[in-house]
Amino acid sequence: MADRARVAVFISGAGSNMAALLYASRLPDCPYQLVLVASNDPAARGLALAQAEGVATFTLPHKGLGRVEHEAALERAAAEAGAHYIALAGYMRILTPQMVSRWEGRILNIHPSLLPLYPGLDTHARAIAAGDSHAGASVHLVNEELDGGEVLGQIPVAILTGDTPEALARRVLAAEHQLYPRVLAQYVDRERSPEWLAQQVRERALALPETDEVSSHGMPCFGIVKGRKFAYFSIDHHGDVKTALLVKISGADEQAQLIENDPERYYRPAYFGDGWIGIRLDLADVDWESIASWLQRSWRSVAPKKLTGLMDAADNF
Ligand code: GAR
């Protein structure tokens, strides 16, 4: 099995969703692992559980700290733990748009309603008061709008006659524990399917001027229109079992240096020679900004002067 995606969970309270994520991650074939549980409340009960289960924890009370400062400390802890995703699980603080944008598409949240119904608080009381037949839970991507990002999965929970918000909340929570691990697993899997990875590369490559895509030896391949190629998307090339991006580099020295510094990620692509490097995309931690820079640099190395000149002008603008 490929590397498991590294997830930090942020909690503020009981952490029962964190526990559900944790125990699911300990079952066979789970595609993610928890690398950190962080909280804004040192008394959050979930912290003790995480510790007892051998998961690293980090706590910083938000009292007396500015929002940006507090959030930056939790973000740093997540990054230092090597997290590639953050799962909010009853984390009761709103993230700044800056943080959301730095982790775009990599922060998930669970919310106790059938979004877009009832964002915010008191969801169960509002569903009962509205006479709804069902309440429920949603897992969604976090964007700058409160409980507003793309919904990745939902589960309805029937409202019973005479239900109180507390009784309903307990049943919704049971449903949440089923939903969150399943949706997180599906999401990290989707993000590392070759089709999804190819699409990410394609979007970034085709954003470069005068670039088109052709197929070469069955690989999606990107080049200057009627000109030279600068990138290949390689899937299991000659049975190497890797999903990778191949881009141009300066030569044998740089190739050797990259491989020495990070032998897991970089490799010498068979049949491509010294002028190319393979960058693995199947390690569950792709930094897409770095991939965009590699593509741009490779594009520059083959683009005619009139195009690189235009790019320089745009960069200096
Ligand atoms: C859960 O019901 C979760 O959906 C909710 O807080 C509870 C946390 O329980 N989250 C929100 O309301 C976010 N707006 P837990 O700490 O036991 O997982």
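For the structure itself, consult the block above.
**What about the overall build of the protein?**
Check the secondary structure of the protein and you find ten helices and 13 strands. Based on the C-alpha atoms only, the size of the protein along its principal axes is roughly 70 × 45 × 40 Å. In the protein, which comprises 317 residues, the proportion classed as buried is 48%. The long-range share in the protein, meaning contacts at least 24 apart out of those at least 6 apart in sequence, stands at 57%. Carbon and sulfur atoms make up 53% of the accessible area of the protein, which amounts to about 15,700 Å² in all. Here the protein holds 30 positive side-chain charges and 39 negative ones, and the gap between their average locations is 2 Å.

**Focus: helix 3 (residues 67-80)**
The end-to-end C-alpha distance of helix 3 is 20 Å, a good match for the 20 Å that 14 residues give at a rise of 1.5 Å each. If you check which residues of helix 3 are buried, you get His70, Glu71, Ala73, Leu74, Glu75, Ala77 and Ala78. Turning to helix 3, the residues buried within the fold contact strand 1 (5-11), strand 2 (32-39), strand 3 (57-59), strand 4 (85-88) and helix 4 (97-102). Looking one or two residues beyond helix 3, the residue adopting positive phi is Gly82, at roughly 80°.

Reading the values: rules and limits
Residues numbered from 1 in each chain as written. Predicted model: local features only at pLDDT ≥ 70, side-chain atom pairs only at ≥ 80, totals over all residues. Heavy atoms only, no water. Helix = DSSP H or I, 4+ residues; strand = E, 2+ residues; numbered from the N terminus. Buried < 20%, exposed > 50% of the residue type's maximum accessible area, 1.4 Å probe, protein only. Contact = heavy atoms within 4.5 Å. Areas by Shrake-Rupley, 256 points an atom, 1.4 Å probe, with all protein chains shown as cover. Lys, Arg positive; Asp, Glu negative; His and termini not counted. Charge placed at Lys NZ, Arg CZ, Asp CG, Glu CD. Expected span 1.5 Å × (residues − 1).

Function-wise, these values are silent; they only describe arrangement.
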